[in-house]
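# Descriptive analysis of the structure
Here are the chains, one letter per residue:
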Amino acid sequence: MNTTPKDTVDLRDLTYSELERYVVEDLGERRFRTDQLFSWLHGQAVTDLDLMTNVAKELRQRLGRETRLTTLQTVEVVDSKDGSAKLAFRTADGHLVESVLMPEERKISVCLSTQVGCAMGCAFCATAGLGLTRSLTAGEIVDQLYRIRAWLQDRGDDRRISNIVYMGMGEPLANLRQTRRSLEIIMHPLGANLSSRRITVSTAGVVPGIERMATWDFQVNLAISLNATTQQVRERLMPITRRYSLDRLFTALRAFPLEKRRRITFEYVLIAGVNDSDEDAARLPRLVAGVPCKFNIIPVNPVDGSDFAPPAPDRVEAFCAPIRRAGYTVITRNSRGADISAACGQLAGRLKSPNLTDE
Ligand code: SF4
């Protein structure tokens, strides 16, 4: 059992430059130790200091006494018939978070959580019903990726994780500092070394967070969970719109200094009779004018206790056609893993029942 006090340094949680400062200033070690430790922590994603074989034993013992190493515990994996899978993890303090893994031919996309639960209250989302418990640390965010990699490895699955989306439980821009730090860790060449072009942060429209991202010295892809074309309907579906109106959101997006060849993705969860009208489809291109963008249209994944239903396939097509005609790329994607509670929050919500959380 790890008896290290909770306020000691969590090695998994440090960015490269923070680790370097810790190694040199606090431990009094030579700078090259940073490369060694960071590679073990994030390239190899070890869960045990003793596996760091090129790190001197005395240093490992000291780290064992003076630091801790966040590792999530995988508590359940549910495979879907469509090849996607959902993994539920328990944090060191006993909370549940989940990640979704979506295969695409030889590649795999992974959806990571940034918070335990969520405060945003979106009407179509199972996580909203859980409320917000706490935000995740950068170490807990990146460890979801490492646990998924380990799970694939255990199954003898050699497919590469090629894309990461911050779109699981929680609102990444309501946990901006840890989101940014986790991105720095994931993109580091000695870590998972994922290209910024393969990472997407998806937000419900937290405008101050978007404005902060616009000032970062690196850029990842930005996705906006839009889901409505009028202030009124968006307020109904996404209460955050009362604080950050559609007007404010689009002002921030038009000012966003998008790098060349990047486009903002608008996610649009299509709900029969709510946001799928011909008028919505006609308004959408006008609403996004001036923003280089593409669309992901996703028929809603029914959530227990909600009366939202996906439109019929021909209605989905009828909705997409005018947007395509207006010159936009439109990808229609079925909600993945409908048979495994793949809408974010559904699995954690189910596992929260006492019978399942107590092992
Ligand atoms: S859709 Fe995302 S932002 Fe909205 S409640 Fe669910 S997790 Fe939170």
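Note that this is a predicted model, so its numbers are computed, not measured. (Residues numbered from 1 in each chain as written. Predicted model: local features only at pLDDT ≥ 70, side-chain atom pairs only at ≥ 80, totals over all residues. Heavy atoms only, no water.)

### Describing the overall build of the protein chain
Within the protein chain, the regular secondary structure consists of 13 helices and 14 strands. Computed over C-alpha atoms, the radius of gyration of the protein chain comes to 21 Å, within 12% of the 21 Å expected from 2.2 N^0.38 for 359 residues, which places it in the range of a compact globule. Taking contacts inside the protein chain between residues at least 6 apart in sequence as the whole, the part at least 24 apart equals 68%. For the protein chain, the exposed area adds up to about 16,200 Å²; of that, 47% sits on carbon and sulfur atoms. Charged side chains of the protein chain number 48 positive and 44 negative; the gap between the two group centres comes to 4 Å. (Helix = DSSP H or I, 4+ residues; strand = E, 2+ residues; numbered from the N terminus. Rg over C-alpha atoms; globule rule 2.2 N^0.38 Å. Contact = heavy atoms within 4.5 Å. Areas by Shrake-Rupley, 256 points an atom, 1.4 Å probe, with all protein chains shown as cover. Lys, Arg positive; Asp, Glu negative; His and termini not counted. Charge placed at Lys NZ, Arg CZ, Asp CG, Glu CD.)

### Brief notes about the domain arrangement of the protein chain
If you check the domain split of the protein chain, you get domain 1 (9-68) and domain 2 (73-357). Just the C-alpha atoms count here: the centres of domain 1 and domain 2 sit 32 Å apart. The interface is formed by 14 residues belonging to domain 1 together with 17 residues belonging to domain 2. Contact between domain 1 and domain 2 buries roughly 1,200 Å² in total, counting both sides, with carbon and sulfur atoms accounting for 55%. (Domains from an automatic or database assignment. Buried area = accessible area lost by both parts, 1.4 Å probe.)

### A short note on the environment of G290
Positionally, G290 belongs in the loop between α10 (278-287) and β13 (293-299). For G290, a relative accessible area of 63% corresponds to the exposed category. Remark: the alpha-carbon pair of G290 and A255, spanning 35 residues in sequence, is separated by 9.7 Å. (Buried < 20%, exposed > 50% of the residue type's maximum accessible area, 1.4 Å probe, protein only.)

### Remarks on the side chain of Q144
Position of Q144 relative to the elements: it lies in helix α4 (residues 138-154). Within polar-contact distance, the side chain of Q144 engages the side chain of S99 at 2.9 Å. (Polar contact = N/O pair within 3.5 Å; in protein donor to acceptor, adjacent residues only side chain to side chain.)

### What to know about the packing of α4 against helix α5 (residues 176-187)
Axis separation between α4 and α5 bottoms out at 8 Å; the angle between their running directions is 45 degrees. Of the possible angle classes, the one that applies to α4 and α5 is oblique. In the crossing of α4 with α5, the sense of the turn from one axis to the other is right-handed. Across the interface between the two elements, A138, I141, V142, L145 and Y146 of α4 pack against Q178, T179, R181, S182, I185 and I186 of α5. Considering only residue class, the contact of α4 with α5 consists of seven nonpolar, three polar and one charged. (Axes fitted to C-alpha atoms, helices over the stretch in contact; angles between N-to-C directions. Parallel < 35°, antiparallel > 145°, perpendicular 65-115°, else oblique. Left-handed = near helix turned anticlockwise from the far one by under 90°. Nonpolar A, V, L, I, M, F, W, Y, C, P; charged D, E, K, R; others polar.)

### Focus on the site of the ligand
Lining the immediate surroundings of the ligand are eleven residues, of which C118, M120, C122, C125 and G170 lie closest. By residue class, the composition of the shell around the ligand is seven nonpolar, four polar and no charged. (Near = heavy atom within 4 Å.)

### A word on α10
D280, A281, L284, P285 and L287 are the residues of α10 that are buried. For α10, the arc enclosing every buried residue in end-on projection is 160 degrees, short of the 170-degree limit, so these residues lie on one face. In this fold, the buried residues of α10 make contact with α9 (246-255), β12 (264-270), β13 and α11 (313-325). (Arc of directions from axis to C-beta.)

### Quick word on unusual backbone geometry
Although it is not a glycine, N193 sits at a positive phi angle of roughly 55 degrees. Mapped onto the elements of the fold, N193 is located in the loop between α5 and β10 (199-203). For N193, a relative accessible area of 47% puts it in the partly exposed group. Residues other than glycine seldom take positive phi values, yet N227 does so here, at roughly 70 degrees. Looking at where N227 falls in the secondary structure, it is placed in the loop between β11 (221-225) and α7 (231-237).

### A few points about the pattern of salt bridges
The tally for this structure, following the rule as stated, stands at 21 salt bridges. The shortest N-O distance in the salt bridge between D50 and R60 comes to 3.6 Å. Placement of the pair is D50 in the loop between α2 (32-43) and α3 (57-66) and R60 in helix α3, with a sequence separation of ten residues. Under the relative-accessibility criterion, R60 is labelled buried at 16%. We note a salt bridge from R147 to D143, for which the minimum N-O separation is 3.1 Å. (Salt bridge = Lys/Arg side-chain N within 4 Å of Asp/Glu carboxyl O.)

### Quick word on the sheet that holds β11
One open sheet accounts for ten strands, arranged β3-β4-β5-β6-β9-β10-β11-β12-β13-β14; its pairing is mixed. The open sheet has two edge strands with one neighbour each: β3 (73-79) and β14 (330-332). For this sheet the average axis-to-axis angle between neighbouring strands, irrespective of direction, equals 25 degrees. Strand direction decides the pairing type here: β3 and strand β4 (residues 85-90), joined by six bridges, are antiparallel. Following the sheet pairing, D79 is matched in β4 by A85. Sheet strands in contact with α11 are β12, β13 and β14, and its direction is about 165 degrees off that of β14. (Pairing = 2+ DSSP bridges.)

### Examining the packing of aromatic side chains
Within this structure, the stated rule accounts for six aromatic pairs. A centroid spacing of 5.1 Å and a plane angle of 35 degrees characterise the contact between W216 and F218, whose relative ring orientation is tilted. Under the relative-accessibility criterion, W216 is labelled buried at 11%. (Phe/Tyr/Trp six-rings, centres within 6.5 Å; stacked < 30°, edge-to-face > 60°.)

### Some remarks on the environment of V9
Counting through the fold element by element, V9 comes out in strand β1 (residues 9-10). The class for V9 is partly exposed, based on a relative accessible area of 27%. Here the alpha-carbon distance between V9 and E66, two residues 57 residues apart in the chain, equals 7.3 Å.

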